Amino acid sequence: MIEILSPAKLAQARVSGALVGDILATLRTRATVGTNLLDIDRWARGLIEEAGATSCYVDYAPSFGRGPFGHHICTAVNDAVLHGRPHDRTLEDGDLLTLDLALLTGGVAADAAISFLVGEARPAPSVALVEATERALAAAIAVAGPGVRVGDLSHAIGTVLEGAGYRVNTEFGGHGIGSTMHQDPHVANTGRAGRGYRLRPGLLLALEPWVMADTDELVTDADGWTLRSATGCRTAHTEHTVAITADGVEVLTLPTAAVRG
């Protein structure tokens, strides 16, 4: 299903998006050396409930997962990249942590992810991974707008990631979003320009470049959810929900302070 939002629903999407951005910003400041992943999940639950929102993850049970996800946020560390199920693991200096959050307010969902290094250590290859996903996301946002095709976004993302020397997995990528978290169209992280669905005002997309340092192959953890690099290499993942408007594109999941600034 491809959903086109009304102006009223788009206004609600801004509320959902700002909340996602603000919660992720808060959790980023709290996630330090010694923090347990289960604490991050507990904090996320509290912030979501305090805002009167609903997690998109707790009851989520797609075909690629094993039963309901059962947690409020995805926490992926180092070689984990997608659908990281929070568990009893304490963060260490230099860990590469990804937080992926999706929630619903007023019947509209928003979805975003951030990757960052914990503590003081800054391994150059890990910094490069994160920066590549951030540049790829910025490139896709820069070309997005009414009349642009999905393939144009995929091409923009892939050009950056592949240009940085990474292989790109196309099993999982960006997606439409609206009254539910995952909708059509699928936005692969590489592709040919000029192909695919033509973007229309009112369409929401969650764009999410992710990459693994030396492979494009994934393996699934014993938890049935967490996806890791097949070689054990480090990974990164950056995501924003954006709205296609009559004039171009609007990023909805920026933290409130960033929007004001």
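Here, the structure is the one placed above.
Visitor: Please set out the overall build of the protein residue by residue, giving values where relevant.
Guide: Secondary structure assignment for the protein yields five helices and 14 strands. Over its C-alpha atoms the protein spans a radius of gyration of 17 Å, differing by no more than 12% from the 18 Å that the globule rule assigns to 261 residues. Here the protein holds 261 residues, and 53% of them are scored as buried. For the protein, restricting intrachain contacts to residue pairs at least 6 apart in sequence, the fraction spanning at least 24 positions comes to 70%. Total accessible area on the protein stands at roughly 10,700 Å², and carbon and sulfur atoms take up 51% of it. Between the centroid of the 20 positive side chains of the protein and the centroid of its 30 negative side chains there is a distance of 4 Å.

Visitor: Help me get a handle on the environment of His175, residues and values and all.
Guide: Within the secondary structure, His175 is located in strand E6 (residues 174-177). Side chain to side chain, His175 and Asp111 meet in a polar contact 3.3 Å long.

Visitor: Go over the side chain of Ser115 with me, naming the residues and quoting the values.
Guide: Tracing the chain through its elements places Ser115 in strand E5 (residues 108-117). Given the relative accessible area of 3%, Ser115 is considered buried. At 2.5 Å, the side chain of Ser115 and the side chain of Thr98 are in polar contact. In this structure the side chain of Ser115 is engaged in a polar contact, spanning 2.9 Å, whose partner is the backbone oxygen of His237. Look past the residues within four positions of Ser115 in its chain and what remains in contact with it is Leu96, Leu97, Thr98, Val130, Ala236 and His237.

Visitor: Before we move on, could you go through the packing of helix H3 (residues 124-143) against helix H4 (residues 150-163) and cite the residues and values that matter?
Guide: Helices that pack against each other are described as a pair by the angle of their axes relative to one another and the distance between those axes. Where H3 contacts H4, the axes come no closer than 8 Å and their chain directions differ by 150 degrees. One way to sum up the angle between H3 and H4 is to call them roughly antiparallel. When you trace H3 past H4, the crossing you get is right-handed. Residues Ala132, Thr133, Arg135, Ala136, Ala139, Ala140 and Val143 of H3 form the contact with H4, whose participating residues are Asp152, Leu153, Ala156, Ile157, Val160 and Leu161. The class makeup of the residues in the contact of H3 with H4 is 10 nonpolar, one polar and two charged.

Reading guide: rules and limits
Residues numbered from 1 in each chain as written. Predicted model: local features only at pLDDT ≥ 70, side-chain atom pairs only at ≥ 80, totals over all residues. Heavy atoms only, no water. Helix = DSSP H or I, 4+ residues; strand = E, 2+ residues; numbered from the N terminus. Rg over C-alpha atoms; globule rule 2.2 N^0.38 Å. Buried < 20%, exposed > 50% of the residue type's maximum accessible area, 1.4 Å probe, protein only. Contact = heavy atoms within 4.5 Å. Areas by Shrake-Rupley, 256 points an atom, 1.4 Å probe, with all protein chains shown as cover. Lys, Arg positive; Asp, Glu negative; His and termini not counted. Charge placed at Lys NZ, Arg CZ, Asp CG, Glu CD. Polar contact = N/O pair within 3.5 Å; in protein donor to acceptor, adjacent residues only side chain to side chain. Axes fitted to C-alpha atoms, helices over the stretch in contact; angles between N-to-C directions. Parallel < 35°, antiparallel > 145°, perpendicular 65-115°, else oblique. Left-handed = near helix turned anticlockwise from the far one by under 90°. Nonpolar A, V, L, I, M, F, W, Y, C, P; charged D, E, K, R; others polar.

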